[in-house]
Amino acid sequence: MSDNTTLKVSDYLREPLILLNTNFNSTDELFNGVNDIAFAEGFVTDQFLPKIKAREATFPTGLQLEDRGVAIPHTDADTINKEFVAVVVNQQPISFKRMDDPDSTTPVKVAFVLGLNQPHAQLEMLQSLMGIIQDSSILDKLEAATDQKDIQQILN
Amino acid sequence: MNKKINVLVACGAGIATSTVVMKKVEDLFKENNIEANLIQIKIAEAASKQDDADMLISTTVLPTQYKIPAIKAMGFLTGLGVDKVKAEILDTVKQIQSA
């Protein structure tokens, strides 16, 4: 495990799973949109969509930051065939329930959908993702990105 | 010599956020010379594993009451209130070790 090379968030980006200027109105719409591509491209099993929806309902993943929300939806490792971090930048904020308080919501324009199946090998990537989430200037850039290459550069 | 404590680190799936929090807690304990076993779990497993543990650190809402002290550690993910979370964890460790 320790001899794994350090992987960055950008190493987990897959071009079809960078979704910009989307118009999702709810978390379910967002999951449907990500799953349509992820399933067609073989990244996930047919259990991914029902499981990620159920998981988000029970253990939501909205993180309330100082000036906005970010979400990191994910679900069981056995639904992931090929690992990925999908980036969704929606035009309007979507209400995500908060991880620390499911009775409250947070407005999310940028969501990172994590398709992970070996979490312990990915500590560095997850830590750098948390660093990104905590940096509002990076989130500003992600929200303003116009094409997939921008996202790859910002997260590199 | 303080006793070695057993700490459950939980998140919803036991896969992403608990991995990050494990590392943060490991570092915190190392800095403070606290000896601990950290066990990464899904929050759903906490009730059945609490008998063998001294405290629970979680990134999710706590679905039930536990017999052991339970701390919400969202601050490690968002960066908001990190110092408070760390202080709460260290205080709880002290209480466990002095009990």
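Above this text you will find the structure in question.
Bear in mind that the values here come from a model prediction, so they are computed numbers and not experimental data.

Caption draft 1: Quick look at unusual backbone geometry. Non-glycine residue A:Asn21 carries a positive phi angle of around 55°. Relative to the elements of secondary structure, A:Asn21 occurs in strand S1 (residues 18-22). A positive phi angle, close to 50°, is found at B:Asn33, a residue other than glycine. By relative accessible area, B:Asn33 is classed as exposed at 73%.

Caption draft 2: Highlighting the interface of chain A and chain B. Of the residues lining the interface, 23 residues belong to chain A; the matching set on chain B comes to 21 residues. For the pair chain A and chain B, the two sides together bury roughly 1900 Å², of which 73% comes from carbon and sulfur. When the area that chain A buries against chain B is broken down by residue, the three leading residues are A:Phe59, A:Met99 and A:Asp100, summing to 26%. Seen at the junction of chain A and chain B, the total is zero salt bridges. Where chain A packs against chain B, one counts three residue pairs in polar contact (both at pLDDT 80 or more). Listed by contribution, the elements that provide at least two residues to the side of chain A that touches chain B are strand S2 (62-64), strand S5 (101-115) and helix H3 (123-133) of chain A. When its residues are assigned to classes, the side of chain A that touches chain B shows 13 nonpolar, six polar and four charged.

Caption draft 3: View of the side chain of B:Gln40. Residue and element names in this part refer to chain B. With respect to the secondary-structure elements, Gln40 resides in strand S2 (residues 36-42). A polar contact is formed between the side chain of Gln40 and the side chain of Ser18, at a distance of 2.7 Å. A distance of 2.9 Å separates the side chain of Gln40 from the side chain of Thr19, its partner in a polar contact.

Caption draft 4: How the structure looks around the sheet that holds strand S4 (residues 70-72) of chain B. Residues and elements named next belong to chain B. One open sheet holds the four strands; their spatial order is S2-S1-S3-S4, and the pairing between them is parallel. Each end of this open sheet is capped by a strand with a single partner; those strands are S2 and S4. Neighbouring strand axes in the sheet, compared pairwise and without regard to direction, differ in orientation by 25° on average. When strand S1 (residues 5-11) meets S2, the two strands line up parallel, connected through seven bridges. Bridge pairing in S2 links Val7 to Leu38. Docked against the sheet, helix H1 (residues 17-31) engages S1, S2 and strand S3 (55-58), running at close to 170° with respect to S2. Across the sheet, helix H4 (residues 82-98) lies against S1, S3 and S4, angled at about 170° from S3, the strand it touches most.

Caption draft 5: Representation of the pairing of S3(B) in the model. Residues and elements named next belong to chain B. Burial along S3 is two-sided: Met55 and Ile57 facing one way and Leu56 and Ser58 facing the other are all buried. Direction of pairing for S1 relative to S3: parallel, over a ladder of four bridges. Across the sheet, Ala10 pairs through a bridge with Ser58, a residue of S3. Bridge analysis of S3 against S4 gives three bridges, and the strand direction is parallel. Considered in S4, the bridge of Ile57 is made with Ile71.

Caption draft 6: Structural view of the packing of aromatic side chains. Residue and element names in this part refer to chain A. Applying the stated criterion to the full structure yields two aromatic pairs over all chains. Each ring, one from Phe48 and one from Phe84, has its centre 6.3 Å from the other, and the planes form 70°; the classification is edge-to-face. Highlighted residues: Phe48 in helix H2 (residues 48-58) and Phe84 in strand S4 (residues 84-98), separated in sequence by 36 residues. Comparing Phe48 with Phe84, the two get one shared label, buried. Taken together, the ring pairs in this structure connect Phe43, Phe48 and Phe84 into an aromatic cluster.

Calculation notes
Residues numbered from 1 in each chain as written. Chains lettered and ligands numbered in written order. Predicted model: local features only at pLDDT ≥ 70, side-chain atom pairs only at ≥ 80, totals over all residues. Heavy atoms only, no water. Helix = DSSP H or I, 4+ residues; strand = E, 2+ residues; numbered from the N terminus. Buried < 20%, exposed > 50% of the residue type's maximum accessible area, 1.4 Å probe, protein only. Contact = heavy atoms within 4.5 Å. Buried area = accessible area lost by both parts, 1.4 Å probe. Salt bridge = Lys/Arg side-chain N within 4 Å of Asp/Glu carboxyl O. Polar contact = N/O pair within 3.5 Å; in protein donor to acceptor, adjacent residues only side chain to side chain. Nonpolar A, V, L, I, M, F, W, Y, C, P; charged D, E, K, R; others polar. Pairing = 2+ DSSP bridges. Axes fitted to C-alpha atoms, helices over the stretch in contact; angles between N-to-C directions. Phe/Tyr/Trp six-rings, centres within 6.5 Å; stacked < 30°, edge-to-face > 60°.

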